[in-house]
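Examination of the molecular architecture
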Amino acid sequence: MIAIALVCVLPLLAALYFRFIAPPDATTLAGQALTPAAFPYAAVRRMDGQPLAHAEVAEHWMVVHAGSGLCDSGCRDALYLTRQARTAQGRSMERIQRVWIIADAKRPAADLLALHPDLLLLEPVDGRAIEAFAAAGAIHLVDRRGFVVFRYAPTVDPKAFIRELGKLVKF
């Protein structure tokens, strides 16, 4: 009878111990959580001049990078990271849309675009899109409802970024 009571009470005691006496270390986020702000759909358009409607990307999480069309090494690293993070999601990769907002009138090189066939290229209509993604070299995450929710530094740990993106995409 005592053994049965111990089997029932020990898990409760262990839970209380780990909750109040020795709690586990808190996990940190790889990115910076932002106050949700609407993605500026009206302030961007496709490279062919067509507007981008929210309905086109409504079922996708968007991983957004903004920068010059010349694309220096930091830009190439960010595009590579977003491609690898999307590919690493396996079956969930179709739920992610990669976006590059080209902040100037420079057109990207054809060889760079050949490396990133799934990349959606956008250009700003006015300054609102550039203001929303002003952090130099940062990668922003836009949820399916169209809100910018996370910002990742250009020096983010790739494994942490991929792991966090995988957790978020499941929602």
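For the structure, check the block above.
A brief look at the structure comes next.

1. Looking at the sheet that holds strand β2 (residues 44–46)
- Pairing within the open sheet is mixed, and its 7 strands lie in the order β1-β7-β6-β3-β4-β5-β2. Of all the strands in the sheet, just β1 (32–38) and β2 have a single pairing partner and so form its edges. Sheet twist, expressed as the mean angle between neighbouring strand axes with direction ignored, is 30 degrees.
- Both strand β3 (residues 61–67) and strand β4 (residues 96–102) contribute to a ladder of 7 bridges, which runs parallel. Directly across from H65, in β4, lies its bridge partner W100.
- Each of β3, β4, β6 (139–142) and β7 (147–152) is contacted by helix α5 (residues 158–169), which is oriented at about 160 degrees to β7, the strand it contacts most.

2. Quick look at the nonpolar core
- Among the nonpolar cores identified, the biggest contains 18 residues, and F39, L52, M62, V64, I101 and L122 are the most heavily contacted of them.
- Listed by contribution, the elements that provide at least two residues to this core are β3, β4 and β5 (120–124).
- By residue number, the principal contributor to this core is β3, which donates 3 residues.
- Residues contacting V64, with those up to four places away along its chain left out, are F39, V99, I101, F133, A138, I139, H140 and V142.
- Residues A85, L141, F150 and V156 belong to the second largest nonpolar core, which totals 16 residues.

3. Here's the deal with the packing of aromatic side chains
- For the structure shown, the criterion picks out 5 aromatic pairs.
- Taking the centre distance of 5.1 Å and the plane angle of 75 degrees together, the rings of Y17 and F18 count as edge-to-face.
- Judged by its relative accessible area of 48%, F18 falls in the partly exposed class.
- Pairing F150 with Y152 gives two aromatic rings, centres 6.0 Å apart and planes at 20 degrees, and the pair type is stacked.
- Look at Y152 and you get buried, because its relative accessible area is 0%.

4. Notes on the environment of A160
- If you trace the backbone, A160 turns up in helix α5.
- Look at A160 and you get buried, because its relative accessible area is 16%.
- Through-space distance from the C-alpha of A160 to that of L29 is 8.1 Å; in sequence the pair is 131 residues apart.

5. Some thoughts on the pairing of β3
- Counting buried positions over the 7 residues of β3 gives 7, a clear majority of the element.
- The two faces of β3 match: W61, V63, H65 and G67 on one face and M62, V64 and A66 on the other face are all buried.

6. Structural notes on the side chain of R83
- On the secondary structure map, R83 appears in helix α2 (residues 73–87).
- Of the side chains with opposite charge, D118 comes closest to the buried, unpaired R83, at an N-O distance of 6.7 Å.
- One polar contact links the side chain of R83 to the main-chain carbonyl oxygen of L115, over a distance of 2.8 Å.

7. Observations regarding a nonpolar patch on the surface
- A contiguous nonpolar surface patch, about 1200 Å² in accessible area, is contributed by I2, L6, V9, L10, L12, L13, L16, Y17, F18, F20 and I21.
- Tracing the backbone shows L10 in helix α1 (residues 2–21).

Reading the values: the criteria
- Residues numbered from 1 in each chain as written.
- Predicted model: local features only at pLDDT ≥ 70, side-chain atom pairs only at ≥ 80, totals over all residues.
- Heavy atoms only, no water.
- Pairing = 2+ DSSP bridges.
- Helix = DSSP H or I, 4+ residues; strand = E, 2+ residues; numbered from the N terminus.
- Axes fitted to C-alpha atoms, helices over the stretch in contact; angles between N-to-C directions.
- Contact = heavy atoms within 4.5 Å.
- Core = buried A, V, L, I, M, F, W, Y, C linked by side-chain atoms within 4.5 Å.
- Buried < 20%, exposed > 50% of the residue type's maximum accessible area, 1.4 Å probe, protein only.
- Phe/Tyr/Trp six-rings, centres within 6.5 Å; stacked < 30°, edge-to-face > 60°.
- Lys, Arg positive; Asp, Glu negative; His and termini not counted.
- Salt bridge = Lys/Arg side-chain N within 4 Å of Asp/Glu carboxyl O.
- Polar contact = N/O pair within 3.5 Å; in protein donor to acceptor, adjacent residues only side chain to side chain.
- Patch = residues over 30% accessible without salt bridge, like charges linked within 9 Å, V, L, I, M, F, W, Y side chains within 5 Å.
- Areas by Shrake-Rupley, 256 points an atom, 1.4 Å probe, with all protein chains shown as cover.

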